[in-house]
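Next come the chains, spelled out residue by residue.
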Amino acid sequence: MADQMTNPVLDINNLVVSVGKKPNGAKIIDGISIQVHEGETLCLVGESGSGKSVTSLTTMGLLPKGTLVPSGGSVKLVGEEILTATDRRLRQLRATKMAMIFQEPMTALNPVVPVGRQIDEVLRAHTKLDAKARKKRILDMMEQVHLPQVERIFASYPHRLSGGQRQRIMIAMALVLEPKLLIADEPTTALDVTTQKQILSLIRELQRDHGTAVLFITHDMGVVAEIADRVAVMRQGRLVETGPLDTVLRNPTMEYTRNLLAAVPSLVPRPPREESKEPIVLEANDLSKIYKERAFFGKGREVVAADKVTLTLRKGRTLGIVGESGSGKSTVARCIVRLIDPTSGGVRLAGREISDISRRLLQPHRQKIQIVFQDPYRSLNPRVTVGESIAEGPINYGVSHANAMKRARELLELVGLPADAVSRYPHQFSGGQRQRIAIARALALDPDVLVADEAVSALDVSVQAQVLDLLDEIQKRLGIAILFITHDLRVAAQICDEVVVMQHGRVVEQGPAAEVLTHPQEAYTRALLEAAPGRGWDFANFRPVSEGVVATA
Amino acid sequence: MLGYLLRRIFAAVPVMGVVALFVFLLLRLTPGDPAAILAGDNATPERLERIRTSLGLNEPLIVQFITWVNKLLHGDLGTSLISNLPVMKMIGQRVEPSISIALSTIILAVMVAVPLGVIAAWKHGTWIDRFVMGLSVLGFSVPVFVVGYVLIQVFAIDLRWVPVQGFKSISAGFGPFFERIILPTCALSFIYIALIARMTRAAMLDVLGEDYVRTARAKGINEVAVMLRHALRNAAVPVITVIGTGFALLISGVVVTESVFNIPGIGRLTVDAVLARDYPVIQAMILLTSLIYVVVNLLIDVAYTLLDPRIRY
């Protein structure tokens, strides 16, 4: 724990950031005060729109000019005021006194410059070292972030590296000049859990070695539990609550913090439902998908995206497919819905084989299986009203326009939105509401099976909890079967009856969720569970898992 | 890279083959007797027969095609019906002026337009941006002959700095070459500056919103380096495309400028040939234009791979 008596590395005092230069512009940040000390990690937690990223960009002096303007308060970095610093001074401070790493390692590096040179740029801008000394320092830093074959990676372009490797490069770039303050803006959100675990421990390790103060921005309570010394909870530009990690997780004083914690799905699977005797609605047998890359000359490459996947789903049940990126879980979902054609194997939908029938013959079966996608911001046509989007499916199957629109109104109410939302456009809704609309659209055809492909992954936890509840309720009311694809074991634990764990296109383990997620038989499943951030905490009950009666279900 | 080049050149062969076939059929499949078309309205029967034999029109179509392609490959493009000169020679004389003007125009346009576009994007929304965009609208809307005549009036007639018109080969010395080429280059580059500046600005604005530009700024490097090293190179691909196609257009289609400045270029040769129905010349011009486009596209694609390591073929 850091010595609270020393001067803070970062001291934000009553900061206000408004939209535009006018004095009455809306306040995005409304009077927040936080301090980060040497060697300490402060987690800034909040849902989307809470202003946590704006806070970090203000500190770096990177706010979009003219759009967002700090209009009050102060930001002091090791005693020096940032808000009034000149552009020149800010440039000098960046990378030397303060550095930042970002959420998307895939896009945060310049794709046309080798990564070594991108790190080198920091040294060239801020030091007078010669080329040899710079390279030595870079390679040394790359070793500190545990990159393999540093010479080779030094000369590689970003697209040759994995997401985890790119994030390591970003960290090396940020820390190469040993800044006093590291701002990490959701640095692991775009990474798989196993990679996330490595990156988190890397940040901890480097912080320990260099005494860096870390301002860590995240929306994920699990990550908070892993890395924070202190926690600051933000909501709509205001600070809700600050305190040491343990205090905030055990005794949150504010209602909002309590709700936020309560919404975190537990890793402990929900009590299993009775064994189902209902008929099987969906079956996949030895389903495989092989992508062939054809080369102009020479041999092509083969990628096995799904390898002999077999699964069954009964009416009224939820089957989860869990796995990391590239595990083939989405490929399987898309083959089952026939958005792509499987290379081999069979899919039986309500007793009818659909894997190899032609697109035309498939048409009547399509309405029995519908899909909800991950990103509600991109899965609805922005120029079509919500009602028309929902009604389009039934109209294609011969329902009159008037009836389809009537049904659309009913469905909107079913998913908890006002019926008059039919005439509005997607941009008038929040992410959670859009996902409800996407669900209504999928339900419009009365499908037997609903495929949810990472359907809650892009949502804030509180919204995520609501959408999960909605799916549960719809399942109870309509008896629909749900195929739920997710990378998030917490979500899987709360909604699935059975789970299939996939890795590299293969099924590693499958069985009842309560069984697989508590007593995993396979090493990979165990590794996945161990990498789940914050698994030691039972957030919803404000206590560590070990202290609670271990819910043996 | 070398393998890729060879493959691309190899792939251009069928393209040129199809063009050649089209050009060949252009004359053979037009309604009426090709010999009559070639000979003109007042031809005697003997002249018609002579043309038929000389073109081998009495042979089967396929034989005619093979003979024609064979001649083509040996640099024999036929003889002009109007001037009776070998087409190859006629074109040869016109190539230098056209290529000189195309090159100088594109170089001038890029040198002016790219910085303008970059600055406009950098100062997005300010008066500088609006000024550059205003200039570009002007460049689009003022016809090239107006610019040309204004330039001639000011610099050739009033100030007497340069000759009014004409073209001198560079082999006659750089001075005479330069003073004659400078005005047409300025006139022509107007619209290309407008086009390339707009394209550069749009591409830069896209790229400036990218995460890696934010990363570059977070490193504390200066704005010039952010713009040039990080943004411009990523914005280059669409800009290169415009420059490349612009260059191809410049070689083959600048009739107005050639007329205003009285330059014996390819554009005027084409127009004269079309007006006079000089079929052998028209055929040669179509072939030449296609070849230019194929080569320019190849160069554009090669430029892509040099600029962006992710692009591999």
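Going by the annotation in an unreviewed UniProt entry, the name recorded for chain B is ABC transporter permease, with Bradyrhizobium zhengyangense given as the source organism. Comment text from UniProt for chain B, heading Sequence similarities (unreviewed entry), reads "Belongs to the binding-protein-dependent transport system permease family." You can read under Subcellular location (unreviewed entry) in the UniProt record for chain B the words "Cell membrane".

Draft legend 1. Spotlight on the overall build of chain B. Of the regular secondary structure elements, chain B holds 13 helices and zero strands. Put simply, chain B runs from its N terminus to its C terminus through helices and strands in the order α-α-α-α-α-α-α-α-α-α-α-α-α. C-alpha atoms of chain B, sized along the principal axes, occupy 80 × 55 × 35 Å. Looking at the 313 residues of chain B, the share that counts as buried comes to 33%.

Draft legend 2. Representation of the overall build of chain A. The helix and strand tally for chain A stands at 19 helices and 22 strands. By the compact-globule yardstick of 24 Å for 553 residues, chain A fits well, its C-alpha radius of gyration being 25 Å. Principal-axis analysis of the C-alpha atoms places the extent of chain A at approximately 70 × 60 × 50 Å.

Draft legend 3. Highlighting the sheet that holds strand β20 (residues 506-512) of chain A. Residues and elements named next belong to chain A. Pairing is mixed across the open sheet formed by six strands, whose spatial order is β16-β17-β18-β13-β19-β20. Because the sheet does not close on itself, it has two edges, and the strands there are β16 (369-372) and β20. For this sheet, the mean inter-axis angle between neighbouring strands, taken without regard to orientation, is 15°. Bridge analysis of strand β13 (residues 318-322) against strand β18 (residues 481-486) gives five bridges, and the strand direction is parallel. When the sheet's bridge partners are listed, Leu 319 is paired in β18 with Leu 483.

Draft legend 4. Summary view of helix α4 (residues 131-144) of chain A. Residues and elements named next belong to chain A. Look at α4: 20 Å from first C-alpha to last across 14 residues, which is about the 20 Å you get at 1.5 Å a residue. Those residues of α4 not exposed but buried are Arg 134, Ile 138, Met 141 and Met 142. Burial along α4 is one-sided: seen end-on, the buried residues are contained in an arc of 100°. Away from its buried face, by an angle of more than 90 degrees, α4 presents the exposed residues Lys 132, Ala 133, Lys 136, Asp 140 and Glu 143.

Draft legend 5. Quick peek at the domain arrangement of chain B. Residues and elements named next belong to chain B. For chain B, the domain assignment lists domain 1 (2-73) and domain 2 (87-307). A straight line from the C-alpha centre of domain 1 to that of domain 2 covers 34 Å. Opposite the twelve residues of domain 1 that make contact, domain 2 presents ten residues. Looking at the side of domain 1 that touches domain 2, the elements that each hand over two or more residues are α1 (2-28) and α2 (34-39). Considering every element that reaches the side of domain 1 that touches domain 2, the biggest residue donor is α1, with ten residues.

Draft legend 6. Quick peek at the interface of chain B and chain A. Each side of the interface is counted separately: chain B has 20 residues, and chain A has 25 residues. Of all elements in the fold, only α9 (211-218) and α10 (223-252) of chain B reach the threshold of two or more residues within the side of chain B that touches chain A. Take the side of chain B that touches chain A: its biggest share by element is seven residues, from α9 of chain B. Tallied by class, residues from the side of chain B that touches chain A come to six nonpolar, five polar and nine charged.

Draft legend 7. Main features of the domain arrangement of chain A. Residues and elements named next belong to chain A. Each assigned domain of chain A is listed here: domain 1 (10-262) and domain 2 (312-339 + 360-547). Relative to domain 2, the C-alpha centre of domain 1 lies at a distance of 32 Å. Of the residues lining the interface, 20 residues belong to domain 1; the matching set on domain 2 comes to 18 residues. Listed by contribution, the elements that provide at least two residues to the side of domain 1 that touches domain 2 are α7 (193-210), α8 (221-227), α9 (245-250) and α10 (255-262). No other element matches the five residues that α8 contributes to the side of domain 1 that touches domain 2.

Draft legend 8. Region of the structure containing the nonpolar core. Ranked by size, the top nonpolar core spans 222 residues in total, and within it Leu 483 of chain A together with Ile 196 of chain B carry the most contacts. With 15 residues, helix α8 (residues 174-208) of chain B is the largest single contributor of residues to this core. Discounting chain neighbours no more than four positions away, the residues touching Leu 483 of chain A are Leu 282, Leu 313, Leu 319, Ala 333, Ile 336, Val 449 and Val 451 of chain A.

Draft legend 9. Molecular detail of the UniProt feature "transmembrane region" (unreviewed entry) in chain B. Residues and elements named next belong to chain B. Per the UniProt record, "transmembrane region" (unreviewed entry) is annotated on residues 9-27, 99-122, 134-157, 177-197, 235-261 and 281-307. For residues 134-157, the helix share is 92%, the strand share is 0%, and the end-to-end C-alpha distance is 29 Å. Along residues 281-307 one finds 100% helix and 0% strand; the C-alpha atoms at either end are 38 Å apart.

Draft legend 10. Region of the structure containing the packing of helix α5 (residues 87-122) of chain B against α10 of chain B. Residue and element names in this part refer to chain B. Orientation of α5 relative to α10, taken along the N-to-C sense of each, is 150°, at an axis distance of 10 Å. Relative to α10, the element α5 lies roughly antiparallel. As for the relative orientation of α5 and α10, their crossing is right-handed in sense. Mapping the contact onto sequence places Ser 98, Ile 99, Ala 102, Thr 105, Ile 106, Val 110, Val 118 and Trp 122 in α5 and Met 227, Leu 232, Ile 243, Gly 246, Phe 247, Leu 250 and Ile 251 in α10. Among the residues making up the contact of α5 with α10, the classes are represented as twelve nonpolar, three polar and no charged.

Draft legend 11. Quick peek at the packing of α5 of chain B against helix α6 (residues 127-141) of chain B. All names here are of chain B. Between α5 and α6, whose axes approach to 8 Å, the crossing angle comes to 140°. Between α5 and α6, the interaxial angle falls into the category oblique. Between α5 and α6 the crossing geometry is left-handed. Each of Leu 116, Ile 119 and Ala 120 in α5 lies in contact with α6, whose residues at this interface are Ile 128, Asp 129, Val 132 and Met 133. Of the residues that constitute the contact of α5 with α6, the class distribution is six nonpolar, no polar and one charged.

Draft legend 12. Layout of the pairing of strand β14 (residues 344-349) of chain A. All names here are of chain A. Bridge count between strand β11 (residues 280-293) and β14: five bridges; the pairing is antiparallel. Residue pairing in the sheet places Ala 284 in a bridge with Val 347 of β14. Summarising the sheet, β14 and strand β15 (residues 352-353) pair through two bridges and their orientation is antiparallel. Residue pairing for β15: Leu 349 is matched across the bridge by Arg 352.

Draft legend 13. Layout of the sheet that holds strand β3 (residues 41-45) of chain A. All names here are of chain A. As summarised here, the arrangement of the six strands in space is β6-β7-β8-β3-β9-β10, forming an open sheet in which the pairing is mixed. Each edge of the open sheet is held by one strand with a lone partner, namely β6 (98-101) and β10 (238-244). Across the sheet, the axes of successive neighbouring strands diverge by a mean angle of 15°, strand direction being ignored. Two elements, strand β9 (residues 230-235) and β10, share six bridges in a ladder whose sense is antiparallel. Within β10, the residue paired with Arg 235 across the bridge is Arg 238.

Draft legend 14. Region of the structure containing the pairing of strand β19 (residues 498-503) of chain A. Residues and elements named next belong to chain A. Counted residue by residue, β19 has six buried out of six residues, so it is predominantly covered. In the sheet, β13 pairs with β19 via four bridges, with the strands oriented parallel. Across the sheet, Gly 320 pairs through a bridge with Val 499, a residue of β19. Joining the antiparallel neighbours β19 and β20 is a turn of two residues, in which His 504 adopts a positive phi near 50°.

Draft legend 15. Structural view of the confidence of the model for chain B. Taken residue by residue, chain B gives an average pLDDT of 87. The fraction at 70 or more is 96%. In the predicted assembly, ipTM is 0.80 and pTM is 0.84.

Draft legend 16. Layout of the environment of Pro 544 of chain A. Residues and elements named next belong to chain A. Positionally, Pro 544 belongs in strand β22 (residues 543-544). Along the backbone, Pro 544 and Asp 246 are 298 residues apart, and their C-alpha atoms lie at a distance of 9.6 Å. Contact partners of Pro 544, with chain neighbours within four places excluded, come to Gly 536, Trp 537 and Asp 538.

Rules behind the numbers
- Residues numbered from 1 in each chain as written.
- Chains lettered and ligands numbered in written order.
- Predicted model: local features only at pLDDT ≥ 70, side-chain atom pairs only at ≥ 80, totals over all residues.
- UniProt positions renumbered as here; feature names shortened; annotations may be inferred.
- Helix = DSSP H or I, 4+ residues; strand = E, 2+ residues; numbered from the N terminus.
- Buried ≥ 20, exposed ≤ 12 C-beta atoms within 10 Å, placed from the backbone.
- Rg over C-alpha atoms; globule rule 2.2 N^0.38 Å.
- Pairing = 2+ DSSP bridges.
- Axes fitted to C-alpha atoms, helices over the stretch in contact; angles between N-to-C directions.
- Expected span 1.5 Å × (residues − 1).
- Arc of directions from axis to C-beta.
- Domains from an automatic or database assignment.
- Contact = placed C-beta atoms within 7 Å.
- Nonpolar A, V, L, I, M, F, W, Y, C, P; charged D, E, K, R; others polar.
- Core = buried A, V, L, I, M, F, W, Y, C linked by C-beta atoms within 7 Å.
- Parallel < 35°, antiparallel > 145°, perpendicular 65-115°, else oblique.
- Left-handed = near helix turned anticlockwise from the far one by under 90°.
- pLDDT = per-residue confidence, 0-100.

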